[in-house]
Amino acid sequence: VDEIICKYSFDYIFHFAAESHVDNSISNPNVFAMTNVIGTLNLLESYKNLEKNNKLFIHVSTDEVFGSIDKGNFNELSLYQPNSPYSASKASSDHFVRSYFKTYNLPVIITNCSNNYGPFQHKEKFIPTVIRSLLKRVNIPVYGDGKNKREWISVKDHVSALLYLSERGTFGESYCIGSGYELSNINLAEKICDLFDELTRTSGSKELISFVKDRKGHDFRYSVDSKKIKDLGWENRSFFETSLRETVHWYINNKDFLL
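Residues numbered from 1 in each chain as written. Predicted model: local features only at pLDDT ≥ 70, side-chain atom pairs only at ≥ 80, totals over all residues. Heavy atoms only, no water.

Asks: Is there a simple way to think about the layout of surface pockets in this case?
Replies: Left-over empty space is what a probe sized like a water molecule reveals as it rolls over the atoms. In this structure, the largest pocket spans a volume of roughly 1200 Å³. The set of elements that each furnish at least two residues to the lining of the largest pocket consists of α2 (22-27), β2 (56-62), α4 (85-104), β4 (115-117), α5 (126-136), β5 (140-143), β6 (149-154) and α6 (155-168). Considering every element that reaches the lining of the largest pocket, the biggest residue donor is α5, with four residues. Roughly 320 Å³ of volume is contained in the second largest pocket. The element contributing the most residues to the lining of the second largest pocket is α4, with five residues. Tallied by class, the residues present in the lining of the second largest pocket amount to five nonpolar, five polar and six charged. (1 Å grid on protein atoms, 1.4 Å probe; cavity = no way out; pocket = protein on both sides within 12 Å on 5 of 7 lines; lining within 4 Å. Points joined across faces, edges and corners; volume = space filled by probe spheres on them. Helix = DSSP H or I, 4+ residues; strand = E, 2+ residues; numbered from the N terminus. Nonpolar A, V, L, I, M, F, W, Y, C, P; charged D, E, K, R; others polar.)

Asks: I'm lost on empty space enclosed by the protein in this one. Help?
Replies: In this structure the tally under the stated criterion is one cavity of 30 Å³ or more. Put simply, the largest cavity is a space of about 50 Å³. Lining the largest cavity, in full, are Val22, Glu64, Asn83, Ser84, Arg215, Gly217, His218, Asp219 and Tyr222. Here the residues of the lining of the largest cavity are counted per class, giving two nonpolar, four polar and three charged.

Asks: I keep staring at unusual backbone geometry and nothing clicks. Help me out?
Replies: Apart from glycine, the bulk of residues carry a negative phi angle, and the bulk of peptide bonds sit in the trans form. Within the chain, Arg137 stands out as a residue other than glycine whose phi angle is a positive 55°. If you trace the backbone, Arg137 turns up in the loop between α5 and β5. Positive phi values are uncommon outside glycine, yet Arg201 reaches one of about 55°. You can see Arg201 is positioned in the loop between α7 (185-200) and β9 (209-212). Residue Arg201 is classed as exposed on the basis of its relative accessible area, which comes to 80%. (Buried < 20%, exposed > 50% of the residue type's maximum accessible area, 1.4 Å probe, protein only.)

Asks: How should I be thinking about the sheet that holds β2 in this particular structure?
Replies: Pairing between sheet strands relies on hydrogen bonds along the backbone, with the strands arranged either parallel or antiparallel. If you trace the four strands from one edge of the open sheet to the other, you get β1-β2-β3-β7, paired in parallel fashion. The open sheet terminates on both sides in strands that have one partner only, identified here as β1 (12-15) and β7 (174-177). Neighbour-to-neighbour, the strand axes of this sheet turn through a mean angle of 20°, independent of strand direction. As judged from the four bridges shared by β1 and β2, these two strands associate in the parallel manner. (Pairing = 2+ DSSP bridges. Axes fitted to C-alpha atoms, helices over the stretch in contact; angles between N-to-C directions.)

Asks: For this particular structure, what's the right way to read the pairing of β2?
Replies: Note on strand geometry: in a regular strand, side chains alternate between the two faces of the sheet. Across the seven residues of β2, seven count as buried, placing the element largely inside the fold. Along β2, one buried face is formed by Leu56, Ile58, Val60 and Thr62 and the opposite face, lined by Phe57, His59 and Ser61, is buried too. Pairing analysis gives six bridges linking β2 to strand β3 (residues 108-113), with the strands arranged parallel. Its bridge partner being in β3, Val60 is matched across the sheet by Thr111.

Asks: Mind showing me how you'd approach the sheet that holds β6 here?
Replies: The three strands lie next to each other as β4-β6-β8, forming an open sheet whose pairing is mixed. The sheet is open, and its two borders are formed by β4 and β8 (182-184), each paired with just one other strand. Adjacent strand axes in the sheet meet at a mean angle of 45°, parallel and antiparallel pairs treated alike. Inspection of the sheet shows β6 paired to β8 by three bridges, in the antiparallel sense. When the sheet's bridge partners are listed, Glu151 is paired in β8 with Glu182. Its contacts with the sheet put α6 on β4 and β6, and the angle it makes with β6 is roughly 70°. (Contact = heavy atoms within 4.5 Å.)

Asks: Would you mind showing me how to read the packing of helix α3 (residues 29-48) against α4 here?
Replies: Between two packed helices, what matters for the description is the angle formed by their axes and the separation of those axes. Two elements in contact, α3 and α4, have axes whose closest approach is 8 Å; the angle formed by their N-to-C orientations is 15°. For the element pair α3 / α4, the angle class is roughly parallel. Judged by the sense of rotation from one axis to the other, the crossing of α3 with α4 is right-handed. The segment α3 lies against α4, with Pro29, Phe32, Asn36, Val37, Thr40, Leu41, Leu44, Glu45 and Lys48 engaging Pro85, Tyr86, Ser89, Lys90, Ser92, Ser93, Phe96, Val97, Tyr100 and Tyr104. A breakdown of the residues in the contact of α3 with α4 according to their chemical character gives 11 nonpolar, five polar and three charged. (Parallel < 35°, antiparallel > 145°, perpendicular 65-115°, else oblique. Left-handed = near helix turned anticlockwise from the far one by under 90°.)

Asks: So what exactly am I meant to see when it comes to the packing of aromatic side chains here?
Replies: Aromatic ring pairs are defined here through the distance separating the ring centres and the angle between the ring planes. Counted under the stated rule, the structure contains 16 aromatic pairs. With 6.3 Å between their ring centres and 25° between their planes, Tyr47 and Phe57 make a pair best called stacked. Of this pair, Tyr47 sits in helix α3 while Phe57 sits in strand β2, and the two are 10 residues apart along the sequence. For the residue pair Tyr47 and Phe57, the accessibility class agrees, reading buried in each case. Geometrically, the ring pair formed by Tyr117 and Trp152 is edge-to-face, given 6.4 Å between the ring centres and 65° between the ring planes. Remark: Trp152 occurs in strand β6 and Tyr117 occurs in strand β4; sequence separation between them is 35 residues. With respect to class, Tyr117 is no different from Trp152; both count as buried. Taken together, the ring pairs in this structure connect Tyr117, Trp152, Tyr181 and Phe240 into an aromatic cluster. A cation over a ring is seen here: Arg168 above Tyr164, with NZ or CZ 4.2 Å from the ring centre. (Phe/Tyr/Trp six-rings, centres within 6.5 Å; stacked < 30°, edge-to-face > 60°. Lys NZ or Arg CZ within 6 Å of the ring centre and 35° of its normal.)

Read these as spatial facts, not as claims about activity.
Spelled out as structure tokens, the structure:
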């Protein structure tokens, strides 16, 4: 890490790297601690030791560090209450990043974003999993009764928010990033099935939806208040129905990415 950071000149560090699949964290939490916690610490240490460490370090985190919320929204002052090894590892990395601002005066920003969707997402994630099941015509696994809710933001909007903060964010601050659009897992699966049937001129995809044993410690709902970043002038521009259609269409045309 030291060699890479010292070798190249840069304007910003965007720290996206993470193990992020909750199921994997439940079966192998040590990997998540090594990547998300120790990996972040290694980056911070390498950056701290540079002669010129005055460039912004943006740490990309998740809304899952706050736990689950039944009503209302999380914001930057919400308590951290992670409920999975994944979210616990991300919460720990957030704390390390903040500590390096306070202790070493490194210029950092922490972002806590809602669920992302879009092309190239790893096939273990929910939306690619649904589409892969449809392509293979096998059962679509939905945890529990499918009523768990998530707030979804397009990856394009997420990236635009990060770029916006790189120019207008305040060092040492955290920012929640979301779209305000949420729906249950079962409703999302049904939407994807309808789009798939329309785009491929097939039918009956909803019949493939299958409820499976719920995930351990499954958070019921995530939702964030994006007022802080919106007060800076940023806004999400993607319309969910349109960008979801584009996402499904992309995976249909890039089957090899999933199969």
